[in-house]
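Structure at a glance
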Amino acid sequence: MRCVVFRGVGGREVVAIEERPDPEPAKFEVLIAPTFAGVNPADALQREGHHPVPAGSPSDVPGLEVAGSVLTCGQAVTRFAPGDRAFGLVGGGGLADRVVAHERELAPIPETLGDREAAAVPEAFITAHDALFAQAGLGPGDTLLVNGASGGVGTAAVQIAAGLGARVVASVRSEALRPRVAELGATALAAHDAFALVRELGGADIVLELVGAAHMHDNLGALAPKGRIVIVGARPGDEATIEMRDLMGRRARVIGTTLRMRPLEEKGLIVQEFARRVVPLLATGRMRPLVDRVFPLASAGDALDYVRTPGKLGKVLLATVEPGRAPSNPVRGRPA
C-alpha cells in the first residue's frame, strides 16, 4: 500500500509517502481500498503532537475515516463481503490506499454516492449527528447556532439539523461562502449578526462550537434557558472564561466531545445510528457532502496545511490513486 507517514513530530518536514505491506484484517475487520481519503484538522494536530492516537491504531499513519470498496474480510465478518462499498471511522491509518476497519464502525455506501462524495461523509456527518443528537438532544423546532459552519462538520450539521426540523443560524466568516451555506438550510451571517439574530429569536437551544474559545462569551449570552453548548473544535491551548452564575441562571450545559478515543462498542453504536438516520437522506439526495478541494497523495503536506486554513466550503480530500497508476488490487466500485 501507499500511505502518508509522519516521521516524527513537527511540520511539513515530517510528512512522507511510503510504500508498505498491505495491512491484514483481523477477525472482525475488513480491508478497504479507498480512491479518496478525508483529511481532517485532527490529522494536522497529530502531526504536531497535539492529538493522541488510540491504542492499537497505527501511530505514524494519520487518517480518521475511510470510504471505498471492500477487498477482503476477516473470518468472522458478517456485514460485508468483497466488492461491497463501505464508509466509516478508523482510529488511524486512513490516509492510505489500503485501510483496515472494524465492521461495526462501517455502514454501506448508498449507490447514489460516487467515491469522491462518499469520502467526504464519514467523519463530518457522523461527528455532526452524534454532537447534535446523542450529546445535545436536538429536536424538531429547536434553534441551533453553528459557529464555523462552512467546513466539513459545519455543512453536515446545517443539513442534518435543517433536514430534521430545526431552525438553523450559521456563523460564517467568509462573506462569499454565506450564500452557499444558506442553500443548505440555514440563515448564514457574520458572527456578530448571527449572535444578534439568535438572541432576537429567544436564544439558541444548542450552540455547536467548531471554532474554539473566541466565541464562548457570546455563546453563553446567546443561550436559551436550558441551552447546551457542544464543543467539537478548539485549538491547542484554547482557554475561555465563563461567568458561572450566568451558566447557572440559564440552567445551561457545556459539553465537550470527540469521537476518536471512544471505545469500539460506543463508536459502533454511533455509526449504526448514523446509518439508520442519516444515510437514507444521503441516498435520496436530501443531504449532500461538499468537497472543497482534492489534493494528490504526493501533496499530503499541502493538504494538511490547507485543512487548517479558514474559508473552505466542505471537506478536503486526498486522491489515493494517481492518474494513470492502476491500483495493485483492482476492485469494483462506482466512479468518482
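Before any of the text, the structure's been laid out above.
Residues numbered from 1 in each chain as written. Predicted model: local features only at pLDDT ≥ 70, side-chain atom pairs only at ≥ 80, totals over all residues. Heavy atoms only, no water.

**Some thoughts on the pairing of strand E13 (residues 223-231)**
Relative to E13, strand E12 (residues 204-209) runs parallel, the two being bridged by five bridges. Its bridge partner being in E13, Ile-206 is matched across the sheet by Arg-228. What joins E12 to E13 is helix H7 (residues 216-221), and the crossover it makes is right-handed. By the bridge criterion, four bridges tie E13 to strand E14 (residues 253-256) in an arrangement that is parallel. Its bridge partner being in E14, Ile-229 is matched across the sheet by Val-254. (Pairing = 2+ DSSP bridges. Helix = DSSP H or I, 4+ residues; strand = E, 2+ residues; numbered from the N terminus. Right-handed = clockwise from strand over helix to strand, strands pointing away.)

**Some points on the pairing of strand E9 (residues 143-147)**
Burial of E9 is extensive: five of the five residues sit out of reach of the surface. Residues Thr-143, Leu-145 and Asn-147 point to one face of E9 and Leu-144 and Val-146 to the other, with burial holding for every one of them. Note that E9 and strand E10 (residues 167-171) share five bridges and pair parallel. Its bridge partner lying in E10, Thr-143 is registered against Arg-167. After leaving E9, the chain enters helix H4 (residues 152-163) and then returns to the sheet as E10, a path that is right-handed. Note that E9 and E12 share four bridges and pair parallel. Bridged to Val-146 within E12 is Leu-208. (Buried < 20%, exposed > 50% of the residue type's maximum accessible area, 1.4 Å probe, protein only.)

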